[in-house]
Amino acid sequence: MTTQTTRRRGLARFVPAVAAVLGMSLVLAACGGSDDEGNGGGGGDDVSVTFLPKNLGNPYFETSSKGGKAAVEEFEGTFKEVGPSEATPDSQVSYINTLTQQGTGAIAISANDPEAIGDALQEARDAGTKVVTFDSDTKPEYRDLFVNQADAKGIASKQVELIAKAIGDQGKIAILSASANATNQNEWIKLMEEDLKANHPKIQLVETVYGDDDDQTSFDKTAALLQKHPDLKGIVSPTTVGIAAAARYLSDSQYKGKVQLTGLGTPDQMREYVKNGTVGSFALWNPEDLGYLTAFAAKALVDGDIKGEEGDTFEAGKLGEYTVGADGVVLLGDPLEFNKDNIDDFQF
Ligand code: RAM
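Structural notes, computed from the coordinates.

What counts as what
Residues numbered from 1 in each chain as written. Predicted model: local features only at pLDDT ≥ 70, side-chain atom pairs only at ≥ 80, totals over all residues. Heavy atoms only, no water. Near = heavy atom within 4 Å. Polar contact = N/O pair within 3.5 Å; in protein donor to acceptor, adjacent residues only side chain to side chain. Areas by Shrake-Rupley, 256 points an atom, 1.4 Å probe, with all protein chains shown as cover. 1 Å grid on protein atoms, 1.4 Å probe; cavity = no way out; pocket = protein on both sides within 12 Å on 5 of 7 lines; lining within 4 Å. Sits in = over half its atoms within 2 Å of the grid points. Helix = DSSP H or I, 4+ residues; strand = E, 2+ residues; numbered from the N terminus. Nonpolar A, V, L, I, M, F, W, Y, C, P; charged D, E, K, R; others polar. Points joined across faces, edges and corners; volume = space filled by probe spheres on them. Domains from an automatic or database assignment. Salt bridge = Lys/Arg side-chain N within 4 Å of Asp/Glu carboxyl O. Buried < 20%, exposed > 50% of the residue type's maximum accessible area, 1.4 Å probe, protein only. Phe/Tyr/Trp six-rings, centres within 6.5 Å; stacked < 30°, edge-to-face > 60°. Lys NZ or Arg CZ within 6 Å of the ring centre and 35° of its normal. Pairing = 2+ DSSP bridges. Contact = heavy atoms within 4.5 Å.

1. Considerations on the site of the ligand
The environment of the ligand is formed by 16 residues, the closest being Lys54, Asp135, Gln185, Asp213 and Thr240. For the ligand, an oxygen atom lies 2.8 Å from a polar atom in the side chain of Lys54. At 2.6 Å, a side-chain N or O of Thr240 approaches an oxygen atom of the ligand. Here the ligand, which alone exposes 300 Å², has 100% of that area covered by the protein. The cavity that encloses the ligand is the largest cavity. Residue contributions to the shell around the ligand peak at three residues, all from helix α6 (residues 183-199). Looking at the shell around the ligand, its residues break down into seven nonpolar, six polar and three charged.

If you want it as structure tokens, here you go:
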């Protein structure tokens, strides 16, 4: 998953694109959220793309689906979003099976488990549905393409850099992750551990706990961590649900400003905590662009323009041309860092 792809759009063009996306978000918000019509409903000559996030009710996936919907409307296909309420390993299987029966053109899925949904995805592909993973991959053999938000090593080292800076490069830290089987978080955690060991000998990772991408569980796990490790200096939460819940806990506690928190968050969920001094900085990519790119990748597969092989190229609307890299991976770009100086420039 750290494979290379080429991309003709640099970071320099990312920020203006965000501004364009913000304008578009307002229009989309006015159009409402996910589309519950069947595959035959909606758009023109029909590439149907169904987004299946880890779970519903997570603002991160609401934003990626918004981007997916915008792309599908642009190419006049049919957009749909379905998904479980809990991000458990096999909670997505029944949705995949239904979509296979309905004959959707493509499933765009963020996987709760690299293996547990493999058979269901394979059946979908055997029936002619294209499978694009985005955000969190399966094993490569179960999908046609993975749209990766940013290089995994870069995501990991950014979070290590931020926590090291926040705690003066020494002391005890813990990780508050999403669900225990999440492919994306598990890879980032492995790479963070390697980075800490190699480059930050005075930082001690004392525990990794799982909030299951559930707000209350993440909140409770934060409280338990602080009780168990009274000398904790910092928490890294590589999940937008986890970091927001941890920030809310810290913000109302004696630990505010004393225990440092960073990780991956959405600016909208974190703004309050950056402004009130609970959090110094955190990182993320643009989930709306991730969904947009994923939908265009799905269309290129359904239309037969690409097969998901290394070197395949396709057009992704306003984001420009992308090239498929090794192992069928398409890379969106680099993560962005947010702090009090720039957080008001972003609305997602
Ligand atoms: C949560 C989910 C998602 C992850 C982000 C950073 O919303 O776990 O998979 O990419 O956090």
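2. Notes on empty space enclosed by the protein
Overall, the coordinates contain two cavities of 30 Å³ or more when judged by the stated rule. When its volume is computed, the largest cavity comes out at roughly 110 Å³. Lining the largest cavity are 15 residues, with Tyr60, Asp135, Gln185, Thr239 and Thr240 sitting closest to its centre. Listed by contribution, the elements that provide at least two residues to the lining of the largest cavity are α2 (59-74) and α6. Per-element accounting of the lining of the largest cavity gives the leading share, three residues, to α6. Per-class residue counts for the lining of the largest cavity are seven nonpolar, five polar and three charged. Residues lining the lining of the largest cavity come from more than one domain, with at least three contributed by each of domain 1 (48-149 + 287-332) and domain 2 (152-284).

3. Things to note about the pattern of salt bridges
Proximity of charged atoms lets side chains of opposite charge pair with each other. Throughout the structure, instances matching the rule amount to 16 salt bridges. Glu73 serves as the salt-bridge partner of Lys69, at 3.2 Å between the closest nitrogen and oxygen. One end of the pair, Lys69, and the other, Glu73, are both in helix α2, four residues apart, so they sit about a helical turn from each other. The shortest N-O distance in the salt bridge between Arg143 and Asp137 comes to 2.8 Å. The same class applies to Arg143 and to Asp137, which are both buried. Connected through salt bridges with shared partners, the residues Lys158, Glu161, Lys165 and Glu337 form a single ionic network.

4. Let's talk about the packing of aromatic side chains
Evaluation of the coordinates by the stated rule reveals 14 aromatic pairs. Between Tyr292 and Phe296, the aromatic rings sit 5.1 Å apart at their centres with planes inclined by 50°, giving tilted as the arrangement. Placement of both Tyr292 and Phe296 in helix α10 (residues 287-302) is noted, with a separation of four residues, approximately one turn of the helix. Take Tyr292 and Phe296: they sit in the same class, and that class is buried. Here a set of aromatic residues connected by ring pairs shows up, and it is made of Phe51, Tyr60, Phe61, Phe79, Phe134, Trp188 and Trp285. The ring of Tyr292 carries the charged tip of Lys318 above its face, separated from the ring centre by 4.3 Å.

5. Things to note about the pairing of strand β8 (residues 232-237)
Burial of β8 is extensive: five of the six residues sit out of reach of the surface. Relative to β8, strand β6 (residues 171-177) is paired through four bridges, and the arrangement is parallel. Residue pairing for β8: Ile173 is matched across the bridge by Gly234. When β8 meets strand β9 (residues 260-263), the two strands line up parallel, connected through four bridges. Paired with Gly234 across the strands is Gln260, a residue of β9.

6. Here we look at the environment of Leu121
Along the chain, Leu121 falls in helix α4 (residues 118-126). Distance from Leu121 to Arg143, taken between C-alpha atoms, is 7.2 Å for residues 22 residues apart in sequence. Non-local contacts of Leu121, meaning those with residues more than four positions away in its chain, are made with Ile96, Val131, Thr138 and Tyr142.

7. Observations regarding the side chain of Ser64
Mapped onto the elements, Ser64 comes out in helix α2. Of the polar contacts made by the side chain of Ser64, one reaches the backbone oxygen of Phe61; its length is 3.2 Å.

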